[in-house]
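Examining the three-dimensional arrangement
In case you want the letters, here they are:
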Amino acid sequence: MAKTPIGLEPVIGSLTSSKKREYRVTNRLQEGKRPLYAVVFNFIDSRYFNVFATVGGNRVTVYQCLEGGVIAVLQSYVDEDKDESFYTVSWACNVDGTPFVVAGGINGIIRVIDASNEKIHKSFVGHGDSVNEIRTQPLKPSLIVSASKDESVRLWNVHTGICILIFAGAGGHRNEVLSVDFHPSDIYRIASCGMDNTVKIWSMKEFWTYVEKSFTWTDLPSKFPTKYVQFPVFLASIHSNYVDCNRWLGDFILSKSVDNEIVLWEPKMKEQSPGEGTVDILQKYPVPECDIWFIKFSYDFHYNSVAIGNREGKIFVWEVQSSPPVLIARLSHAQSKSPIRQTAMSFDGSTILSCCEDGTIWRWDAVPAN
Amino acid sequence: MDDDDNNDAGEWLSEKTRFKMAQVEEKTVSSKEILSVIDSLKKQVAADRSLSVKKRLEENSKKLGGITNHLYTLSNERRSSWIGDTDSASDLLTKRQKDALGMQNGIDLSNGDDDGYSYQEPSTAVLMGSSIPVKNAVRPIKLTEVKKLPPYTTWIFLDRNQRMTEDQSVVGRRRIYYDQNGGEALICSDSEEEVIEEDEEKKEFFESEDFILRMTIKEACLSDPVLESLAQCLSRSPAEVKARYETLMKEKDVEASKNRDIEAQNWNSFLEKDLEAALDSFDNLFCRRCLVFDCRLHGCSQDLIFPADKQNPWNHPDEENAPCGPHCYRLVLKSERNDTVRSPMNPEDKSNSSSDGVGAQISSKKSARRKAKSSQSESASSNTRNLSESSDSEIRPGHEESSPTPQLSPSKNKIAGKSGILKRNSKRVAERVLICMCKRQKKMTASESDSLASGCVSPTDMKLRSNPRKQSEDATSSSHKDVKSSNTGRYRKKDWTLKGVQGEVPPNETVNDLALTSSNDFSIREEFVDENLGKQELSDDNSWKAIEKGLFEKGVEIFGRNSCLIARNLLNGLKTCWEVFQYMTGADNKLAYHAASGVLSLLEGCSKYDLNGAMGSNEVRRRSRFLRRRGRVRRLKYTWKSTAYHSIRKRITERKDQPCRQYNPCSCQTACGKQCSCLLNGTCCEKYCGCPKSCKNRFRGCHCAKSQCRSRQCPCFAADRECDPDVCRNCWVSCGDGTASLGVPPQRGDNYECRNMKLLLKQQQRVLLGRSEVSGWGAFLKNNVGKHEYLGEYTGELISHREADKRGKIYDRENSSFLFNLNDQFVLDAYRKGDKLKFANHSPEPNCYAKVIMVAGDHRVGIFAKERINAGEELFYDYRYEPDRAPAWARKPEASGSKKEDGAPWSGRAKKLA
């Protein structure tokens, strides 16, 4: 990495906790023995804001957070293939609003589960290798993107079961893609990152007709003219190691590698020459003992705070949009020692869930101010 | 950085400075003070930075607020649409939710029972509050198994090979390899090889750095210690800092006038751009081998090779007589002629009278000319003729015959030598100059007669030629633009003019075989027409823009001197046919004068200056372009070293141990000698070379007739080459025999066709991709094929051996490699780009074989059937790994079954650890 020039230094957050909010463990579940790789709240449908899903091994489980730290199991799904190991899960829905749980993992098959009928809706076969992350388009929750070890990112329509676009090829990733995210307001834009140490921003503006077509497609999904998007509109080399999580924060991007920090940066694109541009690193959020890969962070609904676990079972909650960044809280528990693969923040950030390598789910609740 | 902040800071600082200046008059400021100044500035910058970050985050946050509110509304809409739905009871998720809530309330009410899960019923929610594993507490819903695909990396289909682009190189890049079985990450590079070539790029100065620079110097004056401490602070050299400061100061002054300049420039740039500049991009982007723009195989910055053999200009016999439109020169000429036939005082009349065909007049003039020919001018013309002979390719044999035996004169040798040097210098320059010479020489013969004829007839000519020296200088400056016109075309044109005017066609004057002697006769008459027309034209010249002139030149190259075609095809909407004709004839006359004066000066011994001038300017202009191009061409210097060759690659070693040699067209303009790059490289010359067809190093193709080029008796086949319709005598592609309608292929029985052009014509079999019976993916055949049938091409990215070594290391770890040795320079990599045949598996007893074949100058890999293969059979071929490098599954002894993917246990990514 080149030395940051004077005048463009990032603002680095201080690790002294502001103790703005206090969290306490209110529940701890042992789901199974296999590691849990993902946990996510449903932000798609306000009925289910307190419903979350986890994946681990060949299992997808749906829970509900209740008052007083209680967690209820609502549904549990098991893949018949014992070798399946789900890595990621996301909430989506049909065009009429039927809630779907979408999960993917080592087999490379994306499972779309109809949660309101408790049965499989569709299985997407196409990825040539494991699926590392699935995300849902918040404005059109029938669209999902998946990041895979096969070096591609794919856009799917869960309603019709169509693979609309494949983001790979000449300008694509050169190794596993580990993370992908939809821009919150620019519906055409996604960002992906992976083992080739880069973050790439893609635009599907020119291909939007295909996206629209996918909603009205009545023929077999396999006959849909899937398109390749071969060139990203922006490429950022910010990290010097695997980039395992990236999320948009408005027009900025929050990404992390294995360097014990999350980086907030702004992609500055050159309109005339796509693929080129500069990166302005704005802020850094230190996260100690976070030097292993496949640790993902999460926001609350309003992007006020971000929570991330580390290798030793601790959680760091940052006020993400303040400058300089403020550490809201540092959560630790004597028994939480296993690496935390992902966290989930509830709608208002008052509840934080963490899923761990040892198969446990921890629930932390904010202690009321008074 | 915010501008306002900067300005504020600047004001604040300058005030401070003034204060200081008043206090301390002395110019030298101690280093401590300098440092403190810099420090304070740095702090200022840092504060500005954090302020601006804060500002931007706030702005972003505002936007985000709106976005999340919108999303929240959406999520509420989803809810309400469901609540409105009467069917909501059928939503199991909602039901479970309610159950759970009810249960919790029940618990709360019962107020004692803390074991929620004791309430459990099948298929309702379970409350969890303890450490009993969830998986045991609920009955899971089964997701039926779906068969997964064999693993593959997303790849792009290629129907022809592509050269790797630079940004896809893995050389010099760190790649961390994650071993999914061991759970460890390895940095996949050799420390000594991996010298990270961090280009010492000139780092740009950022705005903030400029600010510090400016303010510090403003405050502490420009002195060495100041520069030094600044350099230290900005981690640059003092010289750099100083240079930057100077440019900053300049920028300030320039800034104001800049904007106006830019505007003016934009306005002019289009009009002043000449065709050369425009064609530069054409030269760079158009591939002359594939005849496409932006060719991905040969790259867009390949060396330009121009063939020594020139094509005759395009001619269209049908259009000779018909006027091309209302502004056709034929119509105009005709009308003018009609107007002026009876007015002897009109200068046009001269031409008319002469062209009206008074035979006696012509013949007398002719004889007069011959008699009066001075020995001086004769030697001059022979001079130039000889000169053009030495630059062989340009002159047609018929023409040479008609020229008199050359008489050597001292000055000629010099010029000939000069042109020789130029030829070597750059083919392009040479080409231009040759054309020039040729033209000049033609003109000279013309002008000779012209001068003789006009000497007695037209006094205006004398006037025009009164200042030969000046003319010659003009010629030098403009020759490379105006000289462009091909001689054959010129004479032909005159023919047409005559035909159009007189309706009388001499029988032996067919378009191209115009004997010089006869054309001389006409040229006498024609010169008058030309001159007279030209005179009024000369002043109009200025109205021709550079781009139009350039287009005209190209037009003459393509169509000959046919104003109709030029106007219609190249200057449509810009110039009419008549205008083009005028310009053309005007240019001719000018040339005639220039040439004549050239002769004079040549005789005076000044020719050297004259020609040098012309050539010199030409050379400089072209050279710069050449240098530019050369800079962009990436030359592959990698040499073939079998020892440095590690990774597993598919190879072909059946006949040769030596790899094929990559062909690169040579740029020889004469028959290839020892310097020929093809000869040095050990390849044959091909049709893409610059050398003439007579080159001894050319591969001459085959003459096979009935054998259909299917055996080693065919020289092409024997040399592992496909036949080339351009080269081989009897190998051609037809759309029928001419009698049948177009597009109907010839019948197989009676009309033999070459069977050695399958790659070129893409006559491949349908290959299907499926699950292999052996391992992973496999390639299958859709139809039955016979022995030695061509199945398809193995396409991929062309990468260097160095790159292949690097990539191979990564592929070897994954135990699946799509590398294929192509020749001494390139390896094919089908990992990310290729076609379905890349999935054909290895077998020691294969049913196919691969063969590297030269197709139109490129090496390509064809897959052929080794035996008869039935539809639906899986394809295998022997990868021919080097024995000691072959992976375990490809080694011969235990090769009971073929396996490409070593059955790597899919136990999974046990741990995701760095």
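The rules we used
- All residue numbers refer to position in the chain's written sequence, counted from 1.
- Each chain gets a letter, beginning with A, and each ligand a number, beginning with 1, in the order they are written.
- A pLDDT threshold of at least 70 governs which residues receive local features in this predicted model, and a stricter bar of 80 or more applies before side-chain atom pairs are shown or counted, although totals over entire chains, interfaces and linings include all residues.
- Water and hydrogen atoms play no part in the side-chain values, which are based on all heavy atoms of the structure.
- If DSSP finds at least two bridges between two strands, the strands pair.
- Put simply, DSSP H or I for four residues or longer makes a helix, DSSP E for two residues or longer makes a strand, and each gets a number counted from the N terminus.
- What makes two residues a contact is simply this: any of their non-hydrogen atoms within 4.5 Å.
- A quick way to say it: buried area is the sum, across both parts, of accessible area lost when two parts are put together, with a 1.4 Å probe.
- Here a salt bridge means any side-chain nitrogen of Lys or Arg lying within 4 Å of a carboxyl oxygen belonging to Asp or Glu.
- Note on classification: 1.4 Å probe, protein chains only; a residue is buried when its accessible area is under 20% of the maximum for its type, exposed when over 50%, partly exposed between these limits.
- As used here, the arc is the angular range of directions from the helix axis to the C-beta atoms.
- We define a nonpolar core as any set of buried Ala, Val, Leu, Ile, Met, Phe, Trp, Tyr and Cys residues linked to one another through side-chain atoms lying within 4.5 Å.
- UniProt positions are given in the numbering used here, feature names are shortened, and annotations may be inferred rather than shown by experiment.
- Aromatic rings from Phe, Tyr and Trp, taking only the six-membered ring of Trp, are treated as a pair when their centres fall within 6.5 Å; an angle between ring planes under 30 degrees marks them as stacked, one over 60 as edge-to-face, and anything in between as tilted.
- Placement of a charge over a ring requires the Lys NZ or Arg CZ to be within 6 Å of the ring centre, with the centre-to-atom vector within 35 degrees of the ring normal.

Looking now at the sheet that holds strand β20 (residues 245-249) of chain A. Residues and elements named next belong to chain A. With mixed pairing, the 5 strands of this open sheet are ordered in space as β1-β23-β22-β21-β20. With partners counted over all chains shown, the strands left at the sheet margins are β1 (11-12) and β20, one partner each. Of the strand pairs in this sheet, β1 and strand β23 (residues 277-286) are connected by 2 bridges, and their pairing is parallel. Across the sheet, Ile12 pairs through a bridge with Lys284, a residue of β23.

Take the interface of chain B and chain A next. Interfaces are often sized by the accessible area lost when the parts come together. Each side of the interface is counted separately: chain B has 89 residues, and chain A has 116 residues. A combined buried area of about 8600 Å² lies between chain B and chain A, and 57% of that area is made up of carbon and sulfur atoms. Summed over the shared surface of chain B and chain A, the number is 7 salt bridges. With a shortest N-O distance of 2.4 Å, Glu266 of chain A and Arg56 of chain B are connected by a salt bridge.

Here we come to helix α1 (residues 208-216) of chain A. All names here are of chain A. Listing the buried residues of α1 in full gives Trp208, Tyr210, Val211 and Ser214. All buried residues of α1 lie within an arc of 160° about the axis, which places them on one face of the element. Turned more than 90 degrees off the buried face of α1, the exposed positions are Thr209 and Thr216. Looking at the packing, one finds that the buried side of α1 touches β12 (143-148), β13 (153-157), β14 (162-167) and β18 (227-229).

Residue and element names in this part refer to chain B. Counting 37 residues, the largest nonpolar core has Leu791, Tyr794, Val861, Ile863, Ile869, Leu875 and Tyr877 as the members making the most contacts within it. Every element with two or more residues in this core is listed here: β10 (777-781), β11 (790-794), β12 (797-800), α27 (801-814), β13 (819-821), β14 (826-829), β17 (848-855) and β18 (858-865). With residues near it in sequence (within four places) discarded, Ile869 still touches Leu781, Asn783, Asn784, Val785, Leu791, Asn847, Cys848 and Leu875.

Another aspect to go through is the UniProt feature "repeat: WD" (unreviewed entry) in chain A. Residues and elements named next belong to chain A. Here, the residues flagged by UniProt with the feature "repeat: WD" (unreviewed entry) are residues 124-166 and 170-205. Taken end to end, residues 124-166 is 0% helix and 53% strand, and its two terminal C-alpha atoms sit 14 Å from one another. End C-alpha atoms of residues 170-205 are separated by 19 Å, and the span's content is 0% helix alongside 47% strand.

So, on to the packing of aromatic side chains. Applying the stated criterion to the full structure yields 35 aromatic pairs over all chains. Measuring from centroid to centroid gives 5.7 Å for Tyr152 of chain B and Trp777 of chain B, while their planes differ by 75°, and the two rings are edge-to-face. Of the two residues, Tyr152 of chain B is situated in the loop between β2 (141-143) and β3 (156-157) and Trp777 of chain B in strand β10; the sequence distance between them amounts to 625 residues. Judged by its relative accessible area of 17%, Tyr152 of chain B falls in the buried class. Put simply, the rings of Tyr152, Trp155, Trp777, Tyr811, Phe818, Tyr831 and Phe839 of chain B pair up and form one aromatic cluster. Over the aromatic face of Phe215 of chain A sits the side chain of Lys140 of chain A, whose NZ or CZ is 5.2 Å from the ring centroid. It is Arg289 of chain B that lies over the ring of Tyr688 of chain B; its NZ or CZ is 5.2 Å from the centre.

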